[in-house]
Structure formats: C-alpha cells, structure tokens
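# Results of the structural survey
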Amino acid sequence: MRFVDTLEKKRNGEPLTTEEIEAFVQGYTEGTIPDYQASAFLMAIYFQGMTPREQGDLTQAMARSGDVLDLSLIDGVKVDKHSTGGVGDTTTLILVPLVAACGVPVAKMSGRGLGHTGGTLDKLEAIPGFHIERTEREFIEQVNTIGAAVIGQTGNLAPADKKLYALRDVTATVNSIPLIASSIMSKKIASGADAIVLDVKVGDGAFMKTKEEAEELARAMVAIGEAVGRHTSAVLSNMDEPLGRAVGNALEVQEAIETLRGEGPADLTELSIQLGGRMLVAGQRANTVEEGCLRIREAMESGRALDVFRQMIEAQGGDASVVDDFSLFAQADYEEDVLAQRDGYVTHIVANEIGLASMKLGAGRATKDDQIDPAVGIVLHKKVGDAVRQGELIATVYAQSQHVAPSVAQIEQAYTIGDERIEPKPLLYLFEKEQIGNELDCKDSND
C-alpha cells in the first residue's frame, strides 16, 4: 500500500478504510511517513472532513500508538471528565473529590497548561509538596483506597497524537473538528476510563467561539466515545467571561477549596454540580441527572468532598493543612487594585484578555519552556450583570513586581461598563445524544 494513494483518496473526499488510517498513524509515529506527506494528509482532512467511522478509526489508532492504561483492578465504573479549556476553569479540582465522595472512582491523568494559566497539574503543584508522578500500581492503589487520584500523563500516552498535534500547530490545521475530536478522545480512551463526561466551552475565552461550532465538536466526540464502547455525554458551557473569580494557579486552588466548602462563586459551583451529577449517572450511582446533582450538592455541604481532597493531597505528598490555611500557599509580593472607570453595569468581560493579562504576570506559559509562578494572577470582584460605581474595585492583580500597569490596563479594557443592566448568558447549554438544547437542568433548590 502506497501512502500517496491514501493521500489522493482523502484529497478527493473519498472515505478511507480502517486499514489505511491505521497504516497512516503507525507510519507517521514510526517515521516512515515524512512530515511533508503527513502535512498534506492533515490539510486534506481539514478541507474534506472525515466520516464518523473514520474519526473513530483515527481515534482508536492514536490511542493504541502507545500505552493504554488498564484500570480493571479499580473497583466500580471509572468516570473521567474533560474540558476543552477556558479562563478560570478549576472544575477538575472540585469534581474529582466531589464525585469520589459519592462513590464513583476518579482515576484521572492530566496535563500541563500552555497559554494563559497552568493546567491541572500546574495548579496542583501550587500545593506545597504535591507530587503528580505516581507509578501505575500506586495510582491504582490510591484510587481503590480513597477513590481519587490526579497524576501526570505518561510520556508514552498516545504518542501519535502528540506528534500530529505538533505538526498541526505549524501547518494551520489545528482548527479541524475531526482532528480536534480524535485528539481529545484518543487520550481519554488511552487513559482507561469506562465513561467520559465532556465540558465543551463556547465563547470569547474558548477555542470554539460559537454554539454551532461547539455543538459540532460535542457531537463528534460523543459519537467517537460511544463507537469505541465508552459511555460518553457532553454539555456546552459559557466561556464569554471567566469562570469563577480567580485566574492563576494558587488562587484557583484556593477558590476550588472554597467551592468544596460550599462558599465558591455561583457559576463555578453550579457548573461543578451539573458536571458532577452527570458523572454520577455515568458511574451508575444515580439514575437521573437531577438525582446526581442532589447527591453532589450533599457531598459538598456535608464536608465529605473536602475530606477526600485532604486525603488526596496527603496521599500525593502534599501539605493538606493548606485546606485550612491559605497563607501556606506561595504569596505574591505586590497587589494592585483595578478600579471601575465609570458608573453603570458590567455588560461584558472579554475572557481571553483576562487570561492573557494573567499570563503576562507569570501565571501561564507563552512557550512550553516558560516557568510558571504559582502565586501570581487576578481575582475578579465584578462579573457580568453587577452594578459598579466609578472608582469601585473590580479586580485585584497579584504580581511579583510593581510594574503591572500593562496588565491593569488590559483588565480595564477587558471590562465593558454600560448604562443598562443585562442578564448574563446561560451558564450551560445542555447536549444529549438524542438532542441539543434540552433545557432540563437541576438548579439550586434555593433559587
């Protein structure tokens, strides 16, 4: 089989066989297919797309290109969660102990961040002493003992995806639904979970800017997951403004702890409950999303989830006393207030600009070699719909230098203050396998 024939088929929009897709993934991973042919192949996919079956084949081939974690020694249905990323998205730190406290084991492998803030691993490493490296045996034993663990991905997890993503990044083929979906799902499948709940972000601070794009990506990922035998569900969530109030690694961990206490921001709390409810359904610990949400809320209000988080920190070498004493986190040397420029109401916050301002402070990475400062970041005091007075505090900048004027100016410009109050956009756009736009929701009983 000549790869140029496969390339010609895809260029012409013809569906590829399972064998042709597997041969491409194996050949490119092993180096027998050169970059120039792989680049042409990715561009052909970008323009011609892939059928659902092709996407499933590509995902499976990439998942099998390296280590595939066997979690069969962990009791129960293992449920994973994936977010497509946003500004202030701390839900993993909240969901892992919440879901585990409800009896569903969460054995999660995460990555580091490239962009405005660190990834889940960077946030966890803001906890003094926390270790993200565990052997497979230690990982499994920890989940069987306390129900939860979050560790770094193995170096050989879906290596085909890692190699292809680097090529997509320099060939203008990142923004392709089939390639995005197969990239995400290959790592989820290789991580060994039985079921997957997806949080697809949509808005200014997300990769998918429109609801239509987010729906297409969600449909593709759910179809892939179901095709390979993983129970998969998805929701779309709003990222037109940052989620919660904290943007920055230690600051986000503190906000996650506050949320586990039942004292977190309303939007972060509600999204965590919604995703957690679906994870309990996937883990066969709840019959309906509503029942799952109620159980998740009870685990939060009772303190059981916070206890699991303490246990997880201790099990992975961290100082669990940070849960009760935030002064044990790394502290920034300087604080700078950002003040409202006029009276009115916050009508919009450009999430991506807040993220970039945080990255400039040192909370994120512009390149993979950049070092993250866990102490720096931004806390927002006003969100969309809030009334403000001129000179009132809208955000606080935490920095290691007094030279923060560019970040302050960027935050000021990210805020739009108007004369009329507007209602924030919905937090959640539900996605189900049968339909999109189902507005069934489990709101706080106090609403």
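Going by the structure above, here's the rest.
An account of the accompanying structure is given in this report. (Residues numbered from 1 in each chain as written. Predicted model: local features only at pLDDT ≥ 70, side-chain atom pairs only at ≥ 80, totals over all residues. Heavy atoms only, no water.)

## Points about the packing of helix α2 (residues 18–30) against helix α8 (residues 159–169)
One can describe the packing of α2 onto α8 by two numbers: an axis separation of 9 Å at closest approach and a directional angle of 80°. Between α2 and α8, the angle falls in the class roughly perpendicular. Only A160, K163, L164 and L167 of α8 make contact with α2, whose side of the interface consists of F24, V25, Y28 and T29. Partitioned by chemical class, the residues of the contact of α2 with α8 number 6 nonpolar, 1 polar and 1 charged. (Axes fitted to C-alpha atoms, helices over the stretch in contact; angles between N-to-C directions. Helix = DSSP H or I, 4+ residues; strand = E, 2+ residues; numbered from the N terminus. Parallel < 35°, antiparallel > 145°, perpendicular 65-115°, else oblique. Contact = heavy atoms within 4.5 Å. Nonpolar A, V, L, I, M, F, W, Y, C, P; charged D, E, K, R; others polar.)

## Notes on the nonpolar core
One finds I127, M312, I354 and I411 to be the most contacted residues of the largest nonpolar core, which totals 84 residues. Once residues within four sequence positions are removed from consideration, M312 is found in contact with V96, L124, F130, Q142, I146, A148, A149 and V150. (Core = buried A, V, L, I, M, F, W, Y, C linked by side-chain atoms within 4.5 Å. Buried < 20%, exposed > 50% of the residue type's maximum accessible area, 1.4 Å probe, protein only.)

## Remarks on the pattern of salt bridges
Applying the stated criterion across every chain yields a total of 26 salt bridges. Taking the shortest distance from any N to any O, the salt bridge between R64 and E22 comes out at 3.0 Å. With R64 in the loop between α4 (52–63) and β1 (79–83) and E22 in helix α2, the pair connects residues that are 42 residues apart, well separated along the chain. The shortest N-O distance in the salt bridge between E141 and R137 comes to 3.1 Å. Placement of the pair is E141 and R137 together in helix α7 (residues 136–146), with a separation of 4 residues, close to one helical turn. Under the relative-accessibility criterion, R137 is labelled exposed at 64%. Connected via shared salt-bridge partners are D80, K108 and K188. (Salt bridge = Lys/Arg side-chain N within 4 Å of Asp/Glu carboxyl O.)

## What about helix α15 (residues 351–363)?
Spanning 13 residues, α15 covers only 15 Å between terminal C-alpha atoms, well under the ideal 18 Å at 1.5 Å per step. Those residues of α15 that fall on the buried side of the exposure criterion are A351, I354, G355, A357, S358, L361, G362 and A363. Summarising the axial view, the buried residues of α15 lie within an arc of 160°, below the 170-degree limit, and thus occupy one face. (Expected span 1.5 Å × (residues − 1). Arc of directions from axis to C-beta.)

## A closer look at the sheet that holds strand β8 (residues 344–349)
Pairing in this open sheet of 3 strands is antiparallel, and the strands run β10-β8-β12 from one edge to the other. Strands with a single pairing partner mark the edges of an open sheet, and in this sheet they are β10 (387–388) and β12 (415–418). As defined by bridge partners, β8 adjoins β10 across 2 bridges and the pair is classed as antiparallel. Residue pairing for β10: G344 is matched across the bridge by V388. On the sheet, helix α16 (residues 405–414) packs against β8 and β12 and is oriented at approximately 45° with respect to β12. (Pairing = 2+ DSSP bridges.)

## Quick word on the pairing of strand β3 (residues 148–152)
When you tally the buried positions in β3, you get 5 out of 5 residues, the bulk of the element. As defined by bridge partners, strand β2 (residues 106–110) adjoins β3 across 5 bridges and the pair is classed as parallel. Residue pairing for β3: A107 is matched across the bridge by A149.

## Regarding the pairing of β8
Summarising the sheet, β8 and β12 pair through 4 bridges and their orientation is antiparallel. Bridge pairing in β12 places V346 opposite I417.

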